[in-house]
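# Structural description and commentary
Residues per chain are reported as follows:
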Amino acid sequence: MPAKPPPRTARRISGLAEVLDQFDAVIFDNFGVLSLGDPAIDAGAPALAAVRRSGKPLRILTNDGAKGIEAMLADHHGRGYVFRAEEIIPGYRLLERALARSLSTGHPPAEPPALRTEQVWGVIGLDPLPLPALTQLMIPLTGGGIGQVDTVAGVVFFDTGDWRDADQQRLVASLRAAPRPVIVCNPDLTAPYPGCLSIEPGWSVNQLADSTGVEPVFLGKPFAAIYDVALGDLGDIPRERIIAVGDTPHTDVLGAHAAGIKSLLVETGFTRGRDAAALMEQAGIVADYVAATV
Ligand SMILES: [Mg+2]
């Protein structure tokens, strides 16, 4: 994890619109801010409309590894949100680079990454997998493919959908016997759904790291590389003029502050039904602003 930011006190506001004039660009988290699993969060549409009216650029910075960009756009459309493909930045956008780096350290160099048959990786995620040009060349370990885990050169973890406890135990045993690189596209431990919290790849991969000694490579929030992509996209806007809106202290707030941008924590996702201020104090990760909803 990035280092914790210096202590600060969160200012309670009514929502993003109250402070929008102090910023030149907005980075939204999706789950817990704009949507709760499938359904949209009520305040999302007016908040998004206010940003669109202002003409300020926005990006959706998401750890979602379950779907490709086109499928995410379709899901957003179903919720009443219209985005352009280039506005959505998932953690897995860094996968090709991470594979190349992984293959260049401790493995024979491969060009292009993951294409050599002796370097076939395993992949954990739901069909259709994101980044088909890369992932179609990998062995699916979800949905019965776990039997081939001993043959793979490394593992890319996109999503926990259909990933069973028995699959996880088999993966751990295989990596314990023969450690290989693990890249996780979604570092989240959990995600908010109506009525429950899900288990996400970060949870499984942290457990795996604890019991195998393998040091996973994490893509996505709160790590710096994905913020560099998003902020690079936004051009030369001063970082203190960019605000990130999220629902989770350890991803959205920590990542934003490590990247030098401001943060608004909304109470519609991870902290739902609990005392967000107390949770942030407990974590030592306090947002610049806190609001009941976006
Ligand atoms: Mg979230």
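Residues numbered from 1 in each chain as written. Predicted model: local features only at pLDDT ≥ 70, side-chain atom pairs only at ≥ 80, totals over all residues.

The subject of this paragraph is the sheet that holds strand S1 (residues 11-12). Strand order in this open sheet of 7 strands is S1-S14-S13-S12-S2-S3-S4, and the pairing throughout is parallel. The open sheet terminates on both sides in strands that have one partner only, identified here as S1 and strand S4 (88-90). Strand direction decides the pairing type here: strand S2 (residues 25-28) and strand S3 (residues 58-62), joined by 3 bridges, are parallel. Bridge pairing in S3 places Phe28 opposite Ile60. Across the sheet, helix H8 (residues 224-233) touches S2, S3, S4 and strand S12 (242-246), and the angle it forms with S3 is around 165 degrees. (Pairing = 2+ DSSP bridges. Helix = DSSP H or I, 4+ residues; strand = E, 2+ residues; numbered from the N terminus. Contact = placed C-beta atoms within 7 Å. Axes fitted to C-alpha atoms, helices over the stretch in contact; angles between N-to-C directions.)

What the domain assignment reports for the protein is domain 1 (11-63 + 222-291) and domain 2 (117-218). Between domain 1 and domain 2, the C-alpha centre-to-centre distance is 28 Å. Facing 12 residues of domain 1, the contacting portion of domain 2 comprises 8 residues. Residues of the side of domain 1 that touches domain 2, tallied by class, amount to 5 nonpolar, 5 polar and 2 charged. (Domains from an automatic or database assignment. Nonpolar A, V, L, I, M, F, W, Y, C, P; charged D, E, K, R; others polar.)

Most of strand S13 (residues 262-266) sits inside the fold, with 5 of its 5 residues counted as buried. Here S12 runs beside S13; their pairing, made up of 4 bridges, is parallel. Along S13, the bridge assignment pairs Ile243 with Lys262. Read as a crossover between parallel neighbours, the route from S12 over helix H9 (residues 249-258) to S13 is right-handed. Summarising the sheet, S13 and strand S14 (residues 289-291) pair through 3 bridges and their orientation is parallel. The partner of Leu265 across the bridge, within S14, is Val290. Read as a crossover between parallel neighbours, the route from S13 over helix H10 (residues 276-283) to S14 is right-handed. (Buried ≥ 20, exposed ≤ 12 C-beta atoms within 10 Å, placed from the backbone. Right-handed = clockwise from strand over helix to strand, strands pointing away.)

Helix length check: helix H6 (residues 165-177), at 13 residues, gives a terminal C-alpha distance of 18 Å against a target of 18 Å (1.5 Å per residue), a fit within 8%. Within the span of H6, buried status applies to Asp167, Leu171, Ser174 and Leu175. What you see down the axis of H6 is that its buried residues fit within an arc of 95 degrees, all on one side. Exposed positions of H6 whose direction lies more than 90 degrees from the buried face are Asp165, Ala166, Gln169 and Ala177. For H6, the secondary structure elements touched by its buried residues are strand S7 (155-157) and helix H7 (201-212). (Expected span 1.5 Å × (residues − 1). Arc of directions from axis to C-beta.)

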